[in-house]
Amino acid sequence: MPSSLGRLGGLVSVAVLVYGLLCLLVFVLQRSFIYFPARWDERAASRANPGYEAVRIPTADGETLHGWLRRREGAPSTVVIFHGNAGNLEGHEAVMAPFRTLDLQVLLFDYRGYGLSTGKPTQGNLLRDGEAVVSYVERNLGVPLGRIVYFGNSLGTGVAVLLAVTRPPGRLILESAYDSLASVARRHYPFLPVGLLLRDRFDAGSVIGDLRSPILFFHPAEDEIIPVACGRALFEKAREPKRFVTIPGARHNDPPASFPPLYLDAIREFLGR
C-alpha cells in the first residue's frame, strides 16, 4: 500500500508540474495566440489596394499606421473600422462594402504590427492606435466626433468599445462582439485558468454600460469562434438605444456580401441612410 500511494503521489506531482509548465508557456506566449498579423511590403500592399487612398497615420508614441481611405467629401458619417485579430487590410476590405453601398466615407486601418504598420500589438497599443486614427479623422478629414461611426469586428469590437469610453462616437456598430476576451478563451480552453493568465483582457463588458452612443449589434448565428452568447452578454450590459441582429446561417469569417438583405437594411436604418 505505501508503495502504491508513493507511485500515485509521484504521478500527481508530475501532472501538476506539467500543468504548471503549460500555464507558464501560455502566459509567456499568449499574445501569439491572440494576434495573428500578416506583414507585407510596399509592393504587395500597392497591388492589393483596389483603389482606395493609402494613408499613413502617426501615433503618439512614434509608430506609423497604414490605412485605406474611401474619401467622400460632405458624407454625413465617416466609418472607422476596427478589424479582427488576423491578416491585414486585404483580408478585411470586404467589411467596407456596405458602407460603400451607402456612399459613406470609410477608413480601414491596420493595427501596429499588421500589414505595413510599425510596432507590436498589445491591448494598450491597439487603443493608442484607435486614438491616433480617430484624431486623424477629426483633424485631417475635418469630421467631428459626433459624425464618426465606430465599426468593430471580432477582436476589434473590444478595441472600439474601450476607445468609446474616452472618445465617444456618434454611433457604434459591433459585429461578433464579446463581453471579455477571458469569456471567449474559457470556451475554447476550459482546462486553463485564463482569468489569471490573460494580460490583454479587452473587458468591454465592464465599461459598455457607461456608453451613451446608440449601438447596433450583429452576430452570425453559426459563429464558431465567438458564440452568440458572448455577444448577447455584452448586449445585455449596454444602455439603450441598442439593437441586436442575428445573421441567419452566417459563420464568423463570412463576408458581408454573403449576408441576407437584413444586414444592410439594419445598417441603413441605424445610420439614417
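Above this text is the structure in question.
In this text the structure is predicted, and so the values were computed from the model without any measurement. (Residues numbered from 1 in each chain as written. Predicted model: local features only at pLDDT ≥ 70, side-chain atom pairs only at ≥ 80, totals over all residues. Heavy atoms only, no water.)

Visitor: Outline the overall build of the protein chain, listing residues and values.
Guide: A count of helices and strands for the protein chain gives ten helices and ten strands. Here the protein chain has a C-alpha radius of gyration of 21 Å; the compact-globule value for 273 residues is 19 Å, and the two agree. Principal axes of the C-alpha set define a box for the protein chain whose edges measure 85 × 40 × 35 Å. The averaged location of the 26 negative side-chain charges in the protein chain is 3 Å from the averaged location of its 30 positive side-chain charges. (Helix = DSSP H or I, 4+ residues; strand = E, 2+ residues; numbered from the N terminus. Rg over C-alpha atoms; globule rule 2.2 N^0.38 Å. Lys, Arg positive; Asp, Glu negative; His and termini not counted. Charge placed at Lys NZ, Arg CZ, Asp CG, Glu CD.)

Visitor: Describe the sheet that holds strand S10 (residues 242–247), and please don't skip the residues or the numbers.
Guide: Reading across the sheet, the eight strands line up as S2-S3-S6-S4-S7-S8-S9-S10 and stay open at both edges, with mixed pairing between neighbours. Only two strands of the sheet have a single neighbouring strand rather than two, namely strand S2 (53–58) and S10. On average, adjacent strands in this sheet sit at an angle of 20° to one another, irrespective of strand direction. Sheet strands in contact with helix H6 (residues 155–166) are strand S4 (78–82), strand S7 (148–153) and strand S8 (171–175), and its direction is about 145° off that of S7. (Pairing = 2+ DSSP bridges. Axes fitted to C-alpha atoms, helices over the stretch in contact; angles between N-to-C directions. Contact = heavy atoms within 4.5 Å.)

Visitor: Describe the pattern of salt bridges, naming the residues involved and giving the relevant values.
Guide: Under the counting rule described, the total for this entry stands at 14 salt bridges. Three or more residues joined by partner-sharing salt bridges are found here, namely Asp61, Arg112, Arg128 and Asp129. (Salt bridge = Lys/Arg side-chain N within 4 Å of Asp/Glu carboxyl O.)

Visitor: Could you give me a rundown of the pairing of strand S3 (residues 64–70), with the residues and numbers involved?
Guide: Summarising burial for S3: six of the seven residues are buried, a large majority. Where S2 meets S3, six bridges bridge the pair, whose relative direction is antiparallel. For Arg56, the partnering residue across the bridge sits in S3 and is His66. Linking S2 to S3, which pair antiparallel, is a turn of five residues; within it Gly62 sits at a positive phi near 95°. (Buried < 20%, exposed > 50% of the residue type's maximum accessible area, 1.4 Å probe, protein only.)

Visitor: Explain the nonpolar core residue by residue, including any values.
Guide: Core analysis: the largest hydrophobic core is formed by 51 residues, its most contacted members being Phe82, Tyr150, Leu174, Phe202, Ile208 and Phe217. A total of seven residues in this core trace back to one element, the largest contributor, which is H6. Not counting chain neighbours up to four residues away, the residues in contact with Phe82 comprise Phe109, Tyr111, Gly130, Tyr150, Phe151, Gly152, Asn153, Gly156, Val159, Ala160 and Leu163. Within the second largest apolar cluster, 30 residues are counted, among which are Ala48, Val95, Leu104 and Val245. (Core = buried A, V, L, I, M, F, W, Y, C linked by side-chain atoms within 4.5 Å.)

Visitor: Let's hear about unusual backbone geometry: which residues, and what values?
Guide: Note the cis peptide between Glu240 and Pro241, where omega equals 0°. By the element assignment, Pro241 lies in the loop between helix H9 (228–237) and S10. Phi at Ser154 takes a positive value of approximately 55°, unusual for a residue other than glycine. Looking at the element boundaries, Ser154 is found in the loop between S7 and H6.

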